[in-house]
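# Fold and contact review
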Amino acid sequence: MVDKRSTVEEMVGELRPGMTVGFGGWGSRRKPMAVVRAIVRAGIGDLTVVSYGGPDVGLLCAAGLVRKIVFGFVTLDSIALDPHFRAARQAGRLEAMEIDEGMLYLGLSAAGQRVPFLPTRAGLGSDVLRVNPGLRTVRSPYEDGEELVAMPALDLDVAFVHMNRADRHGNGQVLGPDPFFDDLYLGAARRRFVTAEKVVEPGRLTDEGPMQSIVVTRLLTDGVAEAPRGAHFTSCPPDYGRDEAFQSRYAKSAADKEAWTAFRHDFLDVDEEGYLAAVAAGAAGPAAGR
Amino acid sequence: MTGPSTTASPQGPAGEVRRAEVCAVACAEAFRGDGEKLVSPFGTVPSLGARLARLTFEPDLVLTDGEAALMADTPPVSAAPGDVLREAPMPYRRVFDVVWSGRRHVMMMASQLDMYGNQNLSCIGDWARPAIQLIGVRGAPGNSVNHTTSYWVPAHSPRVFVEHVDMVSGVGYDRLAGAPAAARFHEVRVVVTNLAVLDFGGPDHRMRLRSVHPGVAVEEVEAATGFPLVVEGAVPTSRLPSAEELQLLREVLDPAGAAQKELPG
């Protein structure tokens, strides 16, 4: 069987400016943050980002790498709004396709099923149709004749998800309570990458969780990379919770240019090892968090 | 009164009962008749109301722990998601299945709300370049056309109750004309605020003042609303918690007083 082991740098090396990129996770939960940090380091911009948005969106916005965001929300959960995302939108720097969360689910599903759209009631009557003039409705060909929103397929160039465990063939496992939509992101993409807290021997994923927790099969994966704490500072239960102290620091880095420059210098202009060391050093200081 | 743990008389003066408790009961009342439905309350007071309803007149309500599980028991609102007895998994993807099936009643919050029940939680100002970017439309467009929707507004003011919302997220009654697929399962049931309970029983489904909380004058609600409310005759007072409800609220569901933090007074 194919050994799909790779590195975060190699995965991100496939990105090109202008691509459409999807990130798994939800809000500030199990986001592929090691990948996001690597994209910031590589400075690959002009991206269209599709996300149940959290700090993945905020960090890339702060780094000026996002042209367009496809989203239903952007939140840090314990902090309701991501200040970097807000700043980008309020400065008029960010194109947006703002849709209902369920429409996002259907758009990813449609892409994975290779159909041009899936019908839904969601969006009807709302300003989602006003701000997305490209969205069309479709009339049921059956007797009911209902006119529904035709949510278009959200085809991705590349998708990244972060899992608790994976094996080298590209099977991925979520040990936390919610798999979110990660398999749909992979299914919607041309190139599909999984990072994991730990890459284990094939066949050993069931050592730590039931078979149903293996939510991604190798049919959906092109590359696998071990990335310990690869979701930090978002939550990745049961391996770790959200680093609230660090998230707060991240949010405060939106205060002004100096704050962002300092944050970037300390945590982003360093490699992943340097990042984790800087986080550990920060946690040992007086502003210690969990 | 000797303290919050003694049994208060429901007929007693309103001063004995806190405003947050009246609001929690109003939220519980919003879920009356829902039976075996997934009730999704946003905010502490609605969460309290949903749990109160389940412990009293709506025992079959289905409630999540705020994360990815349904709760087998009805713990205090301060209980962490990991600390509850789990009934069944309810990850986000399954929530959408429930939304689209209609077996749900959501009580959302609103940054803006208009007289027909259009709600905004996306942004303030021009959408293309917002003056204030908020969280986004979230699931409001889909919720509002698929199942019952109610709203919780902890600070009733003309900034929230506006003539026109800047970005229609949750769909109101005036947007259903000529859109039968949107109207088919649409119901905005009630709006519970720190001052009053409102519904859409006015002409053309306009917002109507259903009751004012004890100690609140009709004029006060009207002054805090940025459009004319439908007021029919003498407006009743929102009902007070029963002795049993008060005991459940204070001793079982919110002994830490979390609702007081969301709604002081």
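Residues numbered from 1 in each chain as written. Chains lettered and ligands numbered in written order. Predicted model: local features only at pLDDT ≥ 70, side-chain atom pairs only at ≥ 80, totals over all residues. Heavy atoms only, no water.

This part takes up the overall build of chain A. A count of helical and extended segments in chain A gives 10 helices and 11 strands. For chain A, the C-alpha atoms occupy an extent of roughly 65 × 50 × 30 Å along the three principal directions. Counting every position in chain A, which comprises 290 residues, the buried fraction comes to 57%. Residue pairs at least 24 apart in sequence account for 74% of intrachain contacts in chain A once pairs closer than 6 positions are excluded. When the accessible surface of chain A is totalled, it reaches about 11400 Å², and 53% of it is carbon and sulfur. Distance from the positive charge centre (33 side chains) to the negative charge centre (39 side chains) of chain A: 1 Å. (Helix = DSSP H or I, 4+ residues; strand = E, 2+ residues; numbered from the N terminus. Buried < 20%, exposed > 50% of the residue type's maximum accessible area, 1.4 Å probe, protein only. Contact = heavy atoms within 4.5 Å. Areas by Shrake-Rupley, 256 points an atom, 1.4 Å probe, with all protein chains shown as cover. Lys, Arg positive; Asp, Glu negative; His and termini not counted. Charge placed at Lys NZ, Arg CZ, Asp CG, Glu CD.)

Attention now moves to the sheet that holds strand E11 (residues 196–199) of chain B. Residues and elements named next belong to chain B. Strand order in the open sheet formed by 6 strands is E1-E4-E9-E10-E11-E12, with mixed pairing between adjacent strands. Either end of the sheet is taken by a strand with one partner, and the two such strands are strand E1 (38–41) and strand E12 (208–212). Each strand axis lies, on average, 15° off the axis of its neighbour in the sheet, ignoring direction. Bridge count between E1 and strand E4 (residues 104–108): 4 bridges; the pairing is parallel. (Pairing = 2+ DSSP bridges. Axes fitted to C-alpha atoms, helices over the stretch in contact; angles between N-to-C directions.)

Glancing now at the side chain of Asp178 of chain A. Checked against the element boundaries, Asp178 of chain A lands in the loop between strand E9 (172–173) and helix H7 (182–187). Buried Asp178 of chain A, no salt bridge; nearest opposite-charge side chain is Arg29 of chain A, N-O distance 6.0 Å. Within the structure, the side chain of Asp178 of chain A is placed 2.7 Å from the backbone nitrogen of Phe180 of chain A, a separation counted as a polar contact. Residues in contact with Asp178 of chain A, not counting those within four places in the same chain, are Arg30 of chain A together with Ala68, Pro91 and Tyr92 of chain B. (Salt bridge = Lys/Arg side-chain N within 4 Å of Asp/Glu carboxyl O. Polar contact = N/O pair within 3.5 Å; in protein donor to acceptor, adjacent residues only side chain to side chain.)

By convention, interface size is frequently given as the accessible area that disappears when the constituent parts associate. Each partner contributes residues to the interface: chain B has 37 residues there, and chain A has 45 residues. For the pairing of chain B and chain A, the buried interface totals around 3500 Å² over both sides, and the portion due to carbon and sulfur atoms is 55%. Its largest share of buried area at the contact with chain A, chain B owes to Arg93, Trp127 and Gln133 of chain B, together 22% of the area lost on that side. Linking chain B to chain A there are 4 salt bridges. Counting across the chain B and chain A interface gives 25 residue pairs in polar contact (both at pLDDT 80 or more). Looking at the side of chain B that touches chain A, the elements that each hand over two or more residues are helix H3 (92–101), strand E8 (132–133), helix H4 (140–146) and helix H5 (180–183) of chain B. Across the side of chain B that touches chain A, the residue classes tally to 22 nonpolar, 7 polar and 8 charged. (Buried area = accessible area lost by both parts, 1.4 Å probe. Nonpolar A, V, L, I, M, F, W, Y, C, P; charged D, E, K, R; others polar.)

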